[in-house]
Amino acid sequence: MPVSQVDLFADEVLLEPYATHGELRELGSVVHLPKNDIYALTRYDVIRAALGDWETFSSAHGVGFNPMVNEALAGTSLASDPPDHTALRAALTENLTPRALRGLKEQINARADALVADLVATGSFDAIDAIARALPLAIVADLVGFQGDVRDHMLAWGKAANQVVGPMNPRTAESFPIAGELYDWCAGVRKADLVPGTIGHGIFEAEERGAIPPGSAGPIIHQYLAAGVENTISAIGNIIALFAAHPDQLKLVRKDPSLVSSAFNEVLRFWPPINVWGRETTRDAEIDGVVIPAGARVAVLLGAGNRDPRHYENPDVFDVTRNPVDHLSFGYGVHGCAGQGLARLEAHAVIDSLARRVDRLVVGEETRVPHNITRSIDSLPILEVVPA
Amino acid sequence: MRLLTIELDRPRCEGHGLCEEAAPDLMHLDGNGELVIDVPQVEAGTPEARAAAAAVRVCPVAGLRLA
């Protein structure tokens, strides 16, 4: 079994993971990382197979990298497997599937286009605050039915809720109190706290009619906020940064708007919001001749699989015509990202609007703050917008 | 000639529609966003079988099978 002394959650790896991912991928499809006490899956085929095999690579013992978070998430669809998982997933997604969201497309397009149009007119702004944070915050708040003070907490709560999925390092320790505020709020939230007719309200109705076990509505609200805010902010920020760095690619989308969907797949492949996610083996799992013992914590390196040259030609090139529809950034299988339909609506709206309205973005230096789970840009100053 | 059947795990389908993009001649989402398999059987080794395999492959929730 190949071994590496890399700490996957060290600042420099979190900020710029792809060189490390490449080294691990070349060591083997499974690499033991004693510093993190985990087995890393590094190559595309192995990752995809593991994500499809929930019976061996289980989520039921948690998907995080410390015992506290795994205990906190117990009983959610995120941290369970079939059969318990089935009803929870159905309730989580009932009003979140593309078919349920079809009516929202126009509204999301209009919101994204208004943000981009404003900014083209303004000329100079921070892209992360003005678009990447503004759009998902407004959409998730309205969709789930958050009102009052909680709307002001969404950003900090969402960031902390993802942070604590990491190992028990200082980032996780500092974030637990804030993540705990969200956890406590979700434990106490009632139907009447959410706006009628929203997805959040609907989850409580599902609980009332017995579609999900008593007490599961709060944790599902937790998932909507934890997953739907920070990770979408990352994806939209990445869209803007990558198109600012590659104006030729933005031009391709402007010339052929049918590339919008392909472009988003490529953004996700190239810079996944989540690079590393957890599983636990239920039995000895043999992969390419090496055995991961039963009961081991496994790190699925989604970002490394997305850059595997065995699967994608020239994987380190950002190419909007590639359409890597099988990228790993949404996971795959029974635990595949439940909000991907909503993420696509938001991201496609932003890409479409940027391509129509912007020829080129002149940007200052992007800043990043290391985060255990979600790799995102913290600020991206736009110095000048050259309109299309 | 060997026939392969496109099998849909209906409860698992969330209507993401990536299969329709991969194999528009074999399946489509109806007006309610429900998946309809228009051509449930394909002949192994044909372009239709390759399209069916592509549709199975891109389903993000592993809800399709070709057997």
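Residues numbered from 1 in each chain as written. Chains lettered and ligands numbered in written order. Predicted model: local features only at pLDDT ≥ 70, side-chain atom pairs only at ≥ 80, totals over all residues.

Novice: Just checking my understanding: could you explain the overall build of chain A for this structure?
Specialist: Secondary structure summary: chain A contains 17 helices and twelve strands in total. Compactness check: chain A gives a C-alpha radius of gyration of 20 Å against a globular reference of 21 Å for 388 residues, within 12% of the reference. The C-alpha extent of chain A, read off along each of the three principal axes, is 55 × 50 × 35 Å. A burial count over chain A gives 53% of its 388 residues as buried. Taking as baseline every contact in chain A between residues at least 6 positions apart, the subset at least 24 positions apart corresponds to 72%. (Helix = DSSP H or I, 4+ residues; strand = E, 2+ residues; numbered from the N terminus. Rg over C-alpha atoms; globule rule 2.2 N^0.38 Å. Buried ≥ 20, exposed ≤ 12 C-beta atoms within 10 Å, placed from the backbone. Contact = placed C-beta atoms within 7 Å.)

Novice: Explanation requested: the interface of chain A and chain B in the structure shown.
Specialist: By a widespread convention, an interface's size corresponds to the accessible area lost as its parts come together. Taken together, the 15 residues of chain A in the interface contact twelve residues of chain B. Elements represented by at least two residues in the side of chain A that touches chain B include exactly α6 (98-101) and α17 (340-357) of chain A. Among the residues making up the side of chain A that touches chain B, the classes are represented as five nonpolar, seven polar and three charged. (Nonpolar A, V, L, I, M, F, W, Y, C, P; charged D, E, K, R; others polar.)

Novice: Hey, could you run me through the packing of helix α8 (residues 127-144) of chain A against helix α13 (residues 230-245) of chain A in this one?
Specialist: Packed helices, taken two at a time, are described by the angle between their axes plus the distance between the axes. Residues and elements named next belong to chain A. In the contact formed by α8 and α13, the axes pass within 8 Å of each other and the chain directions differ by 140 degrees. Relative to α13, the element α8 is oriented oblique. When you trace α8 past α13, the crossing you get is right-handed. When α8 is examined against α13, the residues Ala127, Ile128, Ile131, Ala132, Arg133, Leu135 and Pro136 are found in contact with a partner set consisting of Thr232, Ile233, Ile236, Gly237 and Ile240. When the residues that make up the contact of α8 with α13 are grouped by side-chain class, the tally is nine nonpolar, two polar and one charged. (Axes fitted to C-alpha atoms, helices over the stretch in contact; angles between N-to-C directions. Parallel < 35°, antiparallel > 145°, perpendicular 65-115°, else oblique. Left-handed = near helix turned anticlockwise from the far one by under 90°.)

Novice: When you look at the nonpolar core in this model, what are you seeing that I'm missing?
Specialist: Most often, soluble globular proteins have nonpolar side chains that are buried together. Among the nonpolar cores identified, the biggest contains 132 residues, and Ile47(A), Ile236(A), Val300(A), Leu301(A), Val350(A), Ile351(A) and Ala55(B) are the most heavily contacted of them. At eleven residues, the largest contribution of residues to this core is made by α8(A). (Core = buried A, V, L, I, M, F, W, Y, C linked by C-beta atoms within 7 Å.)

Novice: Any chance you could explain the sheet that holds strand β3 (residues 57-58) of chain A here in plain terms?
Specialist: Two orientations exist for strands paired in a sheet by backbone hydrogen bonds: parallel and antiparallel. Residues and elements named next belong to chain A. Read across the sheet, five strands follow the order β1-β2-β8-β5-β3 without closing on themselves; strand pairing throughout is mixed. The open sheet has two edge strands, β1 (30-33) and β3, and neither has a second partner. Looking at chain direction, β3 and strand β5 (residues 276-281) are connected through two bridges and run antiparallel. Bridging across to β5, Phe57 finds its partner in Thr281. Helix α3 (residues 44-52) rests against β2 (38-41), β3, β5 and β8 (297-301) of the sheet, and its axis sits at about 125 degrees to β8. (Pairing = 2+ DSSP bridges.)

In short, geometric facts, not functional conclusions.
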